[in-house]
Amino acid sequence: MNLKRLLTGSFLLLAPVIAVQSVKQTNWGPILAAPQARQKGDPNAKVVIVEYSDFQCPMCARIDPTVRQLMDVYKGKTRLIYKYYPLTKIHQNAMNAAHAAECAAAQNEFWPYHDRLFETQAAWAPLQDPTTNFMAIAGEVKLDLSKFSACRADPSRELPIMQDAKEAQDRQVSATPTFFVGDERLVGQVFATDGARTIDREIRQ
């Protein structure tokens with residue numbers, strides 16, 4: 001999904017500047033620190049995969065099983081970092097979904113919530129108000145529902161999402177999902193076709 005015509009006037013350009021520490025400088029710009037709750041795989045892995053994604057993006061949902069499969073195949077050799085990039089101009093529930101996922105992350109259950117958001121995307125994406133669906137997923141993954149609701153009512157919880165979106169723009173991300181494996185950028189279906197080859201090359205280096 002191309003973003004070039006979508007960013008003007010969107011909330012992403014209004015995101016506050018948040019000081020965070022760069023964990024790695026790449027040819028595409030710095031990768032900023034991400035909480036452990038949004039990382040999986042070997043923390044000491046040589047290969048780091050950074051994914052910029054939108055929970056309402058159909059391609060993101062379609063490719064997620066491939067991402068999981070590659071993480072299993074390369075278990076012990078890779079680490080995956082998830083970065084939010086909600087396309088709010090075209091996906092009315094993208095920010096709500098990211099906010100809900102961030103609240104799941106606050107209870108260290110980001111990945112189960114992430115998986116269910118993609119698995120149930122067709123059900124909640126067209127809704128005017130997906131709150132009931134998001135609460136149902138929270139119940140499925142055994143979140144504290146009171147804390148989850150309080151978190152969703154807190155607008156400050158959107159700051160990490162806006163921070164990730166700003167980073168995506170700075171790194172010239174123009175579509176979701178976009179993956180960085182080392183310094184190589186793989187967009188959309190290309191990750192499914194070339195992901196394994198790229199990971200293998202990074203392992204050999």
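Residues numbered from 1 in each chain as written. Predicted model: local features only at pLDDT ≥ 70, side-chain atom pairs only at ≥ 80, totals over all residues. Heavy atoms only, no water.

1. Some details on the overall build of the protein
Heads up, the condition is: Comment: elements are numbered from the N terminus, with helices defined as DSSP H or I runs of at least four residues and strands as E runs of at least two. Each residue's exposure class comes from its accessible area (1.4 Å probe, protein chains only) as a fraction of the maximum for that residue type: buried when under 20%, exposed when over 50%, partly exposed otherwise. Whether two residues are in contact is decided by their heavy atoms, any of which lying within 4.5 Å being enough.
For the protein, the count of helices and strands is eight helices and seven strands. For the protein, with 205 residues in total, the buried portion stands at 49%. A sequence separation of at least 24 residues applies to 77% of the contacts in the protein between residues at least 6 apart.

2. Concerning the packing of aromatic side chains
Here is the rule: Think of it this way: a Phe, Tyr or Trp ring, Trp meaning its six-membered ring, pairs with another when their centres are within 6.5 Å, and the plane angle makes it stacked under 30 degrees, edge-to-face over 60, tilted otherwise. Here, over-ring charges are defined by two tests on the NZ atom of lysine or the CZ atom of arginine: distance to the ring centre within 6 Å, and angle to the ring normal within 35 degrees.
As enumerated under the stated definition, the model contains 12 aromatic pairs in all. Aromatic side chains Tyr82 and Tyr84 sit 5.6 Å apart centroid to centroid with 75 degrees between the ring planes, which places their arrangement in the edge-to-face category. As far as the burial class goes, Tyr82 and Tyr84 line up, both buried. Note on Phe110 and Trp111: the rings are 4.9 Å apart at their centroids and 80 degrees apart in plane angle, and the pair reads as edge-to-face. One aromatic cluster is present, formed by Phe55, Tyr82, Tyr84, Phe110, Trp111 and Phe118 through successive ring pairs. A cation over a ring is seen here: Lys40 above Trp111, with NZ or CZ 4.6 Å from the ring centre. For Arg171, the ring lying beneath its charged end belongs to Phe180, and the centroid distance is 4.0 Å.

3. Describing helix 8 (residues 190-204)
Our working rule: Here the expected span of a helix is defined as 1.5 Å times the quantity of residues minus one.
Between its first and last C-alpha atoms helix 8 spans 21 Å; for 15 residues at 1.5 Å apiece the expected length is 21 Å, and the two agree. Among all positions in helix 8, only Phe191, Gly195, Thr198, Ile199 and Glu202 are buried. If you follow the buried residues of helix 8, they end up packed against strand 4 (47-53), helix 1 (58-73), strand 5 (78-84), strand 6 (178-181) and strand 7 (184-187).

4. Some thoughts on the sheet that holds strand 4
The strands making up a sheet associate through hydrogen bonds between their backbones, and the pairing can be parallel or antiparallel. Here is the rule we go by: Here, strands pair whenever DSSP counts at least two bridges between them. Axes, fitted as lines to C-alpha atoms, cover a helix only where it is in contact. Angles between the N-to-C directions of the axes lie from 0 to 180 degrees.
Strand order in the open sheet formed by five strands is 3-5-4-6-7, with mixed pairing between adjacent strands. The open sheet has two free edges, formed respectively by strand 3 (39-41) and strand 7, since each of these has just one partner strand. Shown here is a sheet whose adjacent strand axes are inclined to one another by a mean of 20 degrees, direction ignored. Pairing analysis gives three bridges linking strand 3 to strand 5, with the strands arranged antiparallel. Bridge pairing in strand 5 places Lys40 opposite Leu80.

5. A few points about the nonpolar core
In a soluble, globular protein the nonpolar side chains are often hidden away together inside. Short version of the rule: Nonpolar core, defined: a set of buried Ala, Val, Leu, Ile, Met, Phe, Trp, Tyr and Cys residues in which side-chain atoms within 4.5 Å join the residues together.
Grouped together as the largest cluster of nonpolar side chains are 44 residues, with contacts concentrated most on Ile49, Phe55, Tyr84, Phe110, Tyr113, Leu117 and Phe191. Here this core gets eight residues from one element, more than from any other, and that element is helix 2 (residues 94-105). Residues in contact with Tyr84, not counting those within four places in the same chain, are Arg38, Ser53, Phe55, Ala98, Ala101, Glu102, Phe110, Pro160, Ile161, Asp164 and Ala165. Counting 10 residues, the second-largest nonpolar core is a separate cluster that includes Val48, Tyr52, Ile81 and Phe180.

6. A look at the pairing of strand 4
To be explicit about the condition: For crossovers, right-handed means that the path from the first strand over the helix to the second runs clockwise, given strands pointing away from the viewer.
Most of strand 4 sits out of view: seven of its seven residues are buried. Of the two faces of strand 4, the one lined by Val47, Ile49, Glu51 and Ser53 and the one lined by Val48, Val50 and Tyr52 are each fully buried. The sheet contact formed by strand 4 and strand 5 spans seven bridges and is parallel. When the sheet's bridge partners are listed, Val48 is paired in strand 5 with Arg79. You can see the chain leave strand 4, run along helix 1 and come back into strand 5, and the turn it takes is right-handed.

That is the geometry; function is a separate question.
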